[in-house]
Amino acid sequence: MTTPAHNEPKGLFTSTAADYARHRPGIPPEAVSLLADTMRDADCPALLDLGSGTGQVPAALLPAVPRIDRVDLVDPDQDMLRQAADTLEPLLGGRPAGFHPVAAEDFTPPSDSYRADLITCARSFHWMDRAAVLKMADRVTTPEATVAFMGDGSLWTYRADWTSALKQLIQSYLGEERRAGTGGVYAGPGQRYEDDLAASPFSQVTERRFPVRRVWTPAKVVGYLRSTSFARPDLFGGRHDRFEAEALELLERYSERGGLVEDAVFTVLLARRPGGKA
């Protein structure tokens with residue numbers, strides 16, 4: 001296993017790795033089964049995970065597909081990769097793994113013969129140079145490879161009484177626009193992922209949608225907020241403790257009214273080259 005180096009580039013989620021690992025929702029079992037099935041015909045599949053964060057996708061897939069022969073994780077945040085390395089170590093069983101502290105489009109294969117059978121990207125494609133990532137994916141994959149983009153929104157975008165009140169509280173501290181770390185505001189994707197894929201070599205696309213109900217505790221929501229680009233602690237300056245106290249009080253009030261329920265939809269886009277297997 002290749003461990004991350006110590007020359008961390010600054011990123012949107014720097015210093016949030018522990019909260020990210022502890023409080024971010026995982027990958028639904030139905031989505032894990034779907035991804036595992038994409039590798040059913042590969043003898044010794046290689047998995048390449050982009051925007052890996054703390055390694056949620058490889059951690060879910062390694063037990064589901066024992067035949068996985070190699071795993072590579074790409075994330076510009078060194079803290080995230082260190083957390084991922086700790087999580088994956090007991091799951092790898094001696095299999096090689098690479099941790100690459102670079103932007104997704106700058107991934108360099110570990111060898112000239114390297115080819116990934118599955119590329120995954122969960123809740124992070126919107127932060128990337130999507131056209132450049134898809135060009136990179138074309139260079140480093142087998143002809144039959146699958147590229148999977150996944151996501152389920154966030155508590156900023158989910159519409160419920162309790163999330164609306166929470167969003168208003170965040171805006172009262174940080175302004176109306178959604179923050180994107182300390183570097184500015186979040187603009188959103190310029191076009192749909194399906195349009196990005198239609199213009200790429202991976203233009204054969206299948207969409208699967210999995211309903212997921214989550215019941216949050218107030219403390220879990222506050223921990224989740226620390227891991228986000230729109231409410232991370234350093235955005236609040238010296239007011240973060242006060243914000244968290246107000247957020248907890250608000251969430252506890254709403255929790256008493258029937259719980260903090262999120263009915264999300266986890267969407268998976270499976271993309272292949274034309275003529276590939278469905």
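Residues numbered from 1 in each chain as written. Predicted model: local features only at pLDDT ≥ 70, side-chain atom pairs only at ≥ 80, totals over all residues. Heavy atoms only, no water.

Q: I'm lost on the pattern of salt bridges in this one. Help?
A: A pair can form between side chains of opposite charge whenever their charged atoms are brought close. For the coordinates displayed, the defined rule picks out 16 salt bridges. Linking D195 and R192 is a salt bridge whose minimum nitrogen-to-oxygen distance equals 3.3 Å. Here R242 makes a salt bridge to E246, at a shortest N to O gap of 4.0 Å. Of the two residues, R242 and E246 both sit in helix α9 (residues 240-255), four residues apart, roughly one turn of that helix. In this structure, a network of salt bridges that share partners links the residues D19, R22, R226 and E244. (Salt bridge = Lys/Arg side-chain N within 4 Å of Asp/Glu carboxyl O. Helix = DSSP H or I, 4+ residues; strand = E, 2+ residues; numbered from the N terminus.)

Q: Any chance you could explain the side chain of E244 here in plain terms?
A: By the secondary structure assignment, E244 is in helix α9. In this view, E244 contacts V222 and R226; residues no more than four positions away in its chain are not counted. (Contact = heavy atoms within 4.5 Å.)

Q: Before we go on, may I ask you to explain the pairing of strand β1 (residues 46-50) in this structure?
A: It is a general feature of regular strands that their side chains alternate between the two faces of the sheet. With five of five residues buried, β1 lies mostly within the body of the structure. What you see with β1 is no split at all: A46, L48 and L50 on one side and L47 and D49 on the other are buried throughout. The β-α-β motif built from β1, the intervening helix α3 (residues 56-64) and the parallel element strand β2 (residues 70-74) has right-handed crossover chirality. As defined by bridge partners, β1 adjoins strand β4 (residues 116-122) across four bridges and the pair is classed as parallel. Counterpart to L47 in the pairing with β4 is L118. (Buried < 20%, exposed > 50% of the residue type's maximum accessible area, 1.4 Å probe, protein only. Right-handed = clockwise from strand over helix to strand, strands pointing away. Pairing = 2+ DSSP bridges.)

Q: Would you mind going over helix α4 (residues 78-92) with me for this structure?
A: Since there are 3.6 residues in each turn of an α-helix, residues three or four apart along the chain are aligned in direction. With 15 residues, α4 extends 20 Å between its outermost C-alpha atoms, agreeing within 8% with the 21 Å of an ideal straight helix rising 1.5 Å per residue. Along α4, the helix axis deviates most sharply at D86, where the bend reaches about 30°; the proline P90 sits within four residues downstream. Three or more residues of α4 are buried, namely Q78, M80, L81, A84, A85, L88 and L92. Sitting at the amino-terminal end of α4 is D77, which places a side-chain oxygen 2.8 Å from the backbone nitrogen of D79. Following α4 by one or two positions, G93 adopts a phi angle in the positive range, close to 60°. (Expected span 1.5 Å × (residues − 1). Bend = angle between axes of the 7 residues up to and from the residue. Polar contact = N/O pair within 3.5 Å; in protein donor to acceptor, adjacent residues only side chain to side chain.)

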